[in-house]
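# Breakdown of the fold
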Amino acid sequence: MTEPQFKITLAQLNPTVGDVAGNAAKARAARAQAKADGGDLLVLPELFITGYPPEDLVLKPAFQAACRAAVEELARETADGGPAVLIGTPWVEDGKLYNACALLDGGRIAALRFKANLPNYGVFDEKRLFARGPAAGPVTIRGIRVGVPICEDIWLEESEDYENVVECLAETGAEILVVPNGSPYARDKNDLRLSIAVARVTESGLPLVYLNQIGGQDELVFDGASFALNADLSVAAQLPAFEENITTLLWRKTDAGWRCSGPVAPVVDGDKGDYAACVLGLRDYVGKNGFPGVLLGVSGGIDSALCAAIAVDALGAERVRGIMLPFRFTAQVSLEDAAKLAEALGFRYEVLPIADAVNGFEKILSGTFAGLLRDITEENLQARTRGTLLMAISNKTGAMVVTTGNKSEMSVGYATLYGDMNGGFNPIKDIYKTEVFRLSSLRNAWKPDGALGPSGEVIPVNIITRPPTAELRDNQTDQDSLPPYDMLDGILERLVEREQPLVDIIAAGFDPAVVTRIDRLLNIAEYKRRQAAPGVKVTQKNFGRDRRYPITNKFRDTGQSLPAPDETLVSRAARGSAEAFEG
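This section reports on the structure supplied with the text. All values derive from a computational prediction rather than experimental measurement.

## Looking at the packing of helix α1 (residues 20-36) against helix α2 (residues 61-77)
It is the contact of α1 with α2, at a shortest axis distance of 10 Å, that shows an interaxial angle of 20°. One element, α1, and the other, α2, form an angle in the roughly parallel class. Helix-helix and strand crossings are classified by hand; for α1 and α2 the assignment is right-handed. Seen from α1, the contacting residues are Val20, Ala24, Ala27, Arg28 and Arg31; seen from α2, they are Phe63, Ala66, Cys67, Ala70, Glu73, Leu74 and Glu77.

In C-alpha cells form, the structure reads like this:
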C-alpha cells in the first residue's frame with residue numbers, strides 16, 4: 001500500500017506594500033511553479049496581497065476592496081484543478097476588519113482563518129487596525145487537515161488576553177501546522193523563532209511549517225529564513241535567508257504522522273545577518289520607491305566607507321555616486337583613502353571643494369556674528385554646506401542621498417541637522433560605531449550571496465584603523481567630544497536596548513560622571529532623531545519604530561537608588577478589587 005503524500009510549496013517572496021496587482025502577479029507565478037512541481041498547496045506569507053506591514057493603508061476602504069477583488073480573482077483561477085492557495089489578506093466581515101488567511105481551491109474561497117492574537121509591542125501595532133479573530137479548527141486540503149495559526153498565534157505566551165490557537169487546532173484534529181509570518185529581522189531572531197516553533201511542536205505533537213516573507217519595507221527588513229520541523233523536532237527544511245525562494249516540500253504520512261525531509265540552507269546571523277539586512281533594506285528602499293540610484297558624501301572615514309560598500313552591494317557600482325567635499329581641515333590622507341575606496345568599489349567619484357561656499361556663508365553672517373566668538377556654529381556651517389550640495393545634486397539627478405550616521409552618533413546627537421543628517425535613508429542608523437568597525441572588517445573578508453559589489457578588500461585598511469574624526473577643526477578626533485567607543489556603546493546599549501537605570505549601569509563598572517553625561521546627551525538629542533532619515537532596523541530596539549520617546553520630556557534618572565514601592569499606600573479599592581465593593 002502506497003503511503004499518503006502531501007506536497008506543500010513555500011513561496012518565500014518579497015511583496016511591495018500597496019502593490020496589490022504586483023503582489024497578485026507574484027502569487028500567480030508561484031502557483032504556476034507549484035503546479036509544475038506537483039504541489040497540493042501553495043503557501044504565501046502573512047498579508048501577502050497587501051505587503052507587510054500595511055499600517056494605516058489597510059484602513060482605507062478602497063484598498064480593502066482592491067485586495068478582496070485580487071484574492072477573488074486568484075480564487076477563480078484555482079478552478080483549473082491545480083494547487084490550492086493559502087494567501088494572507090485583509091478581510092472585512094460583519095463590519096470588522098481582520099488579518100486573515102484565505103484558502104483558495106476549486107475556483108472559490110474555500111475557507112477563511114482570522115488572526116486571533118494581535119501583536120501590540122515593538123514595531124507592531126495591530127490592535128488598532130484589526131479585530132481579533134476566534135480560535136478556529138483546521139482547514140481541509142486534499143483530505144489533509146491543516147492548521148493555520150497566523151504569526152503571533154504561535155508567539156504569545158499564556159496570559160489573560162491569549163488565545164491558545166495551536167492547542168485548539170491540535171484538539172480539533174489538525175495534522176500539520178502551517179504558519180504564515182511577517183516577522184522582521186533582528187539580531188539573534190533565528191534562535192528565538194526556532195525556540196517558539198519548538199515549543200509549539202512540543203505542546204501539540206504536530207509538525208510545523210514556518211513561512212516568512214523577505215524584503216525591505218521602510219525601516220523593517222524581513223529575512224525569510226523559513227523552515228519546517230518534524231514532530232520529533234528534527235529540522236525538515238531550512239530555506240535561505242535574505243533572498244526569494246520557492247521550494248516544494250514532500251510530506252509523507254508515517255505511523256508517527258506526517259514527516260518531511262527537504263533542503264537545509266545555512267543560517268545567516270550575527271554580523272553577517274546585520275550586514276545582509278542593511279544591503280537588502282537599502283536595495284528595496286531605493287527600488288520600491290523608484291530612485292534611479294544613490295549618492296553619498298565620501299569623507300575618507302569609516303561610516304561613509306561602510307555605507308558606500310553597502311550601497312554598491314545593494315545596487316551595483318553603476319548606480320552609486322560618491323562626492324568628496326573637502327575644506328581646509330580635510331587631511332590629505334582622507335582624500336587619498338576616499339579615492340582608494342571609490343577605486344576598490346568601482347563607483348563614480350568626484351571632488352567638490354567647499355571653501356568658496358563656506359567662506360561665502362561666513363561673509364554673509366559676519367555682521368550678524370560681530371563680537372561673538374567662533375564656536376561650533378562655524379564648524380556646523382561646513383556640514384550644512386556639504387548637506388546643501390548633496391541635496392542639490394540629488395535634486396538635479398533624482399538620485400537619493402544616503403546619510404551615513406551610526407547609532408552611537410544618533411544616540412548622543414553627534415550629528416548636524418540639515419548637514420550630515422541630510423538624506424533619504426540611512427543603512428547604518430541602527431549600527432553602533434564598534435559594530436561599524438566589525439562590519440567593515442567583515443566585508444573585506446566576505447560578501448553576502450547576491451551582493452553586487454566586488455569581492456576582497458573593498459574598504460582600505462587605513463580607513464578602519466585610523467582614529468575617527470569629523471575634520472571640522474584642526475587635529476580633531478571623535479574622542480575629543482566622546483568617550484572611547486567601546487565604553488560609549490556599552491553604556492548606550494544598556495540605556496537604549498535594556499532601559500537600565502543609571503545606578504545599575506554604574507554598578508556594572510562604568511564611570512558615574514560619564515554615564516550621567518551620556519544619559520543627558522541621549523535625552524536632549526531626541527529632537528534631532530525625530531528629524532532623521534529612516535534606516536534599517538537590526539537591533540531589538542531601534543530609534544523610531546521601537547523607541548518612541550517624547551521630545552519635550554523633563555524626567556531625568558538621577559543615578560541614585562530609589563526606595564522600594566510602599567505597597568501599604570495602595571488600597572484594595574485603588575486596585576479595583578471585588579472585596580472593596582462588598583456590603
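Now that the structure has been shown, we can carry on.
## Some points on the sheet that holds strand β17 (residues 320-324)
Strand order in the open sheet made by the four strands is β18-β17-β16-β19, with parallel pairing throughout. Looking at which strands have only one partner, the edges of the open sheet turn out to be β18 (348-351) and β19 (400-401). The sheet contact formed by strand β16 (residues 294-297) and β19 spans two bridges and is parallel. Bridging across to β19, leucine 295 finds its partner in valine 401. Each of β16, β17 and β19 touches helix α9 (residues 376-397); the most contacted strand, β16, lies at about 165° to it.

## A short note on the layout of surface pockets
Empty space within the second largest pocket amounts to approximately 370 Å³. Lining the second largest pocket are 20 residues, and of these Ala241, Val268, Trp446, Pro448 and Asp449 sit closest to its centre.

## Quick word on the side chain of aspartate 153
Along the chain, aspartate 153 falls in the loop between β7 (144-147) and α3 (165-171). One buried charge, aspartate 153, has no salt-bridge partner; the nearest side chain with opposite charge is lysine 115, at 6.7 Å. One polar contact links the side chain of aspartate 153 to the main-chain amide nitrogen of alanine 116, over a distance of 3.1 Å.

## Some words on the pairing of strand β15 (residues 257-260)
Within a regular strand, the side chains alternate between the two sheet faces. By the bridge criterion, four bridges tie strand β14 (residues 245-254) to β15 in an arrangement that is antiparallel. Residue pairing for β15: lysine 253 is matched across the bridge by tryptophan 258. Two successive antiparallel strands, β14 and β15, enclose a turn made up of two residues.

## Some points on the state of the cysteines
All chains considered together, the criterion is met by zero disulfides. Lacking any disulfide linkage, cysteine 168 is separated from the closest cysteine sulfur, that of cysteine 101, by 16 Å. A residue is classified by how much of its surface remains accessible, and cysteine 168, at 19% relative accessible area, is buried.

## Digging into empty space enclosed by the protein
The full count for this structure, using the stated rule, is seven cavities of 30 Å³ or more. Approximately 80 Å³ is the volume attributed to the largest cavity. Going through the elements one at a time, β5 (108-114) and α3 are the ones with two or more residues in the lining of the largest cavity.

## Quick word on the pattern of salt bridges
By the definition in use, this model includes 28 salt bridges. When the shortest N-O distance is used, the salt bridge between glutamate 73 and arginine 76 registers 3.1 Å. Here the residue glutamate 73 and the residue arginine 76 both occupy positions in helix α2, the gap between them amounting to three residues, near one helical turn. For glutamate 73, a relative accessible area of 34% translates into the label partly exposed. Across the salt bridge formed by glutamate 497 and lysine 407, the nearest N and O atoms sit 2.5 Å from each other.

## Comments concerning the sheet that holds β7
Sheet architecture is open: six strands sit in the order β6-β7-β8-β9-β12-β13, paired in mixed fashion. In this open sheet, the two edge strands, each paired with only one partner strand, are β6 (139-141) and β13 (235-238). Ignoring which end each strand starts from, the neighbouring axes of this sheet average 25° apart. Pairing geometry for β6 and β7, over three bridges, is antiparallel. Opposite isoleucine 141, over in β7, you have isoleucine 144 as the bridge partner.

## Quick look at the nonpolar core
Membership of the largest hydrophobic core comes to 51 residues, with the highest contact counts inside it found for Leu282, Leu341, Phe347 and Ile459. Elements represented by at least two residues in this core include exactly α5 (270-288), β16, α6 (302-315), β17, α7 (332-345), α11 (433-445) and α12 (461-465). Broken down by element, the residue count for this core peaks at 11 residues, all from α6. Among all residues touching phenylalanine 347, those that are not within four sequence positions of it are Val298, Ala308, Val312, Ala317, Val320, Arg321, Gly322, Leu341 and Ala342.

## Observations concerning unusual backbone geometry
Of note, the amide linkage connecting tyrosine 52 to proline 53 takes the cis form, showing an omega dihedral of -5°. By secondary structure assignment, the location of proline 53 is in the loop between β2 (41-43) and α2. Even without being glycine, aspartate 94 reaches a positive phi, approximately 55°. Within the secondary structure, aspartate 94 is located in the loop between β3 (84-93) and β4 (96-105). By relative accessible area, aspartate 94 is classed as exposed at 77%. Although it is not a glycine, glutamate 499 adopts a positive phi angle of roughly 55°.

Cut-offs applied
- Residues numbered from 1 in each chain as written.
- Predicted model: local features only at pLDDT ≥ 70, side-chain atom pairs only at ≥ 80, totals over all residues.
- Heavy atoms only, no water.
- Axes fitted to C-alpha atoms, helices over the stretch in contact; angles between N-to-C directions.
- Helix = DSSP H or I, 4+ residues; strand = E, 2+ residues; numbered from the N terminus.
- Parallel < 35°, antiparallel > 145°, perpendicular 65-115°, else oblique.
- Left-handed = near helix turned anticlockwise from the far one by under 90°.
- Contact = heavy atoms within 4.5 Å.
- Pairing = 2+ DSSP bridges.
- 1 Å grid on protein atoms, 1.4 Å probe; cavity = no way out; pocket = protein on both sides within 12 Å on 5 of 7 lines; lining within 4 Å.
- Points joined across faces, edges and corners; volume = space filled by probe spheres on them.
- Buried < 20%, exposed > 50% of the residue type's maximum accessible area, 1.4 Å probe, protein only.
- Lys, Arg positive; Asp, Glu negative; His and termini not counted.
- Salt bridge = Lys/Arg side-chain N within 4 Å of Asp/Glu carboxyl O.
- Polar contact = N/O pair within 3.5 Å; in protein donor to acceptor, adjacent residues only side chain to side chain.
- Disulfide = S-S within 2.5 Å.
- Core = buried A, V, L, I, M, F, W, Y, C linked by side-chain atoms within 4.5 Å.

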